[in-house]
Every structure is written in C-alpha cells, then in structure tokens.
Amino acid sequence: MTVKLSNLRSLTKLLIIVITFLLCGCNAKKEDSIQTLNETKNVVDVVSEIYYGESMFEDINSKKYNLDELNKIYPIEFIKLRSNNSVYRVVYKTFDGYIMLYYDDNGVYSSGQNVYTRRQLEEFNAINIGNTLDDVMKFDENGNYAFLYAGRTDIDNVSFHYTIDGYALKIYYDLNGIVTDIEHELI
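None of the values given here were measured: they were computed from a predicted structure.

Caption draft 1: Structural detail: helix H3 (residues 53–63). When we look at burial in H3, the residues that qualify are Gly53, Met56, Phe57, Asp59 and Ile60. Taken around the axis of H3, the buried residues stretch over an arc of 160°, which confines them to a single face. Turned more than 90 degrees off the buried face of H3, the exposed positions are Glu58, Ser62 and Lys63. Here the buried face of H3 lies against strand E1 (50–51), helix H4 (67–73), strand E3 (87–94), strand E4 (97–104) and strand E5 (109–116). Looking one or two places after H3, you find lysine 64, whose phi comes out positive at around 50°.

Caption draft 2: Region of interest: a negative patch on the surface. A contiguous patch of negative charge, built from Glu39, Asp181, Glu183 and Glu185, is present on the exposed surface. Secondary-structure assignment places glutamate 183 in strand E8 (residues 179–186). Judged by its relative accessible area of 36%, glutamate 183 falls in the partly exposed class.

Caption draft 3: The arrangement of a nonpolar patch on the surface in detail. A cluster of nonpolar side chains, namely Ile50, Tyr52 and Phe95, defines an oily patch on the protein surface of about 380 Å² accessible area. Looking at the element boundaries, phenylalanine 95 is found in the loop between E3 and E4.

Caption draft 4: A look at the sheet that holds E8. If you trace the three strands from one edge of the open sheet to the other, you get E6-E7-E8, paired in antiparallel fashion. Looking along the sheet, the strands with just one partner apiece sit at the ends: strand E6 (158–162) and E8. Ignoring strand direction, the axes of neighbouring strands in this sheet form an average angle of 20°. Across five bridges, the pairing between E6 and strand E7 (residues 167–173) is antiparallel. By the bridge assignment, histidine 161 is partnered in E7 with leucine 169.

Caption draft 5: Main features of the packing of aromatic side chains. Evaluated as defined, the whole model comprises seven aromatic pairs. Consider the rings of tyrosine 103 and tyrosine 109, whose centres lie 5.5 Å apart with planes at 70°: the pair is edge-to-face. In this pair, the class of tyrosine 103 matches that of tyrosine 109, namely buried. Taking 5.1 Å as the distance between ring centres and 75° as the angle between the ring planes, the aromatic pair formed by phenylalanine 124 and phenylalanine 139 counts as edge-to-face. Note that phenylalanine 124 is positioned in the loop between E5 and helix H5 (133–139) and phenylalanine 139 in helix H5, a separation of 15 residues in sequence. For phenylalanine 124, a relative accessible area of 6% translates into the label buried. By relative accessible area, phenylalanine 139 is classed as buried at 13%. Joined through ring pairs, the aromatic side chains of Tyr51, Tyr74 and Tyr92 make up one cluster. The ring centre of tyrosine 98 lies 4.9 Å from the NZ or CZ of lysine 93, which sits over that ring. Note that arginine 119 overlies the ring of phenylalanine 139, its terminal NZ or CZ placed 3.9 Å from the centroid.

Procedures and definitions
Once a new chain begins, its residue numbering starts again from 1 and follows that chain's sequence as written. Thresholds applied to this predicted model are a pLDDT of at least 70 for local features of residues and 80 or more for the giving and counting of side-chain atom pairs; totals over whole chains, interfaces and linings are not thresholded and use all residues. Only hydrogens and water are removed before side-chain values are computed, so all heavy atoms of the structure are retained for them. Exposed residues in this analysis have more than 50% of their type's maximum accessible area, buried residues have under 20%, and partly exposed residues fall in between, with area computed by a 1.4 Å probe over protein chains only. Only DSSP runs of H or I reaching four residues or more are called helices, and only runs of E reaching two or more are called strands; each is numbered from the N terminus. In this context, the arc is that of the directions from the helix axis out to the C-beta atoms. Contacts: residue pairs with any heavy atoms within 4.5 Å of one another. Residues forming no salt bridge and having over 30% relative accessible area are the ones grouped into patches, like charges within 9 Å of each other and nonpolar side chains (Val, Leu, Ile, Met, Phe, Trp, Tyr) within 5 Å. Using a 1.4 Å probe, the Shrake-Rupley method yields the accessible areas, and only the shown protein chains count as cover for residues. The salt bridge definition used is simple: a Lys or Arg side-chain nitrogen within 4 Å of an Asp or Glu carboxyl oxygen. None of His or the chain ends enter the tally, which takes Lys and Arg as positive and Asp and Glu as negative. The location of each charge is read from NZ of Lys, CZ of Arg, CG of Asp or CD of Glu. DSSP calls a pair of strands paired once it identifies at least 2 bridges connecting them. Note on method: axes are straight lines fitted to C-alpha atoms, helices fitted across the in-contact stretch only, with angles between N-to-C directions ranging 0 to 180 degrees. Think of it this way: a Phe, Tyr or Trp ring, Trp meaning its six-membered ring, pairs with another when their centres are within 6.5 Å, and the plane angle makes it stacked under 30 degrees, edge-to-face over 60, tilted otherwise. Ring-over charges, as used throughout, are those where CZ of Arg or NZ of Lys falls within 6 Å of the ring centre and within 35 degrees of the ring normal.

Structure representation (structure tokens):
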C-alpha cells in the first residue's frame, strides 16, 4: 500500500489544526475564569480599562449581576477576597475614582459604591490624630461620612476615603469629632 506524499502532508496539516484548536480551546476556558488577586496587588497596577462611573454603576446596581454575568458584560480585571474571607471586592477604575462592588462567596451581588478620588495617600499625612472632623471634611470633600447620618450609637464613628494611587483609608473619631486613629490598606 502506498500513500501519496501530498495526502500525508494534508493529513499532517489537518492534525496540526485539530491539535491547535484543542489547545486554544483549553486555554480560552482558563482565561474566562475569574481568579482572585493576592492582598499585595494594587488596583492601579492591575487595571487597564477606565470606565464612565455613573452609568456603569447604575446599570450594575439596578440589575445586580452575579459575578459570571458581570464578567461577561464588564470583564473583571480586579477581584480580591477580603480579609474576612467571605466577601469578594470587584473594583473598576473610572475617570474620577473607582466602582467597588461586593459579592458573597456564591458570587451573588450584595452591594456597591461609586467613589470619587482626588488625593494620593501621602497627602493624607496632613491629617493627624487630634484633628477635628471638620478639618477632615474640608480636606477630603469626597470622603464617605455616612456615620454622621446613621443616627446609631452602636457603630464606630469612622469615615472612609479612597486615593488616586489605590488606597482605602479609615479615619476614626471620638464622640466629640476628634480623630483618634487612621488606618490604610490597598483597595
């Protein structure tokens, strides 16, 4: 039995195409999966896409996409398992801050926020223990001061602040509105 060389080449080419297709198909599935980042990764170093915050946040918050749906519509570049190991934080960079979304360990949307930034972490060195709440509010108008409107005494008096260079700050106050502690971590 003789096989023509041209038929053998055609068969070899077909085999190479099939193997390549199979290999590419496997790799594509791995790329589509959502992988969490470790705690030392900074959102500024990881995220390349920049979005318009308001319309995107309104869409996500109204439709409450689960993680898989979200990843198909707005590809996830940044997701971390928070330190309590039960909440995932997904972060998107916007032109004026970040969209931060929170998901439970089943990938179900729980809450989110669109935060604005205009300062870097080192600029917050201007805020010290002993400063007043008014000093902080003048310094960072974009901070989250929700504790002022909560009307509850069982929660900490703490404001939240976010920086251009990818940090989240918590500033704690006593009952007189005096800064008692300042903490920061990577978003």
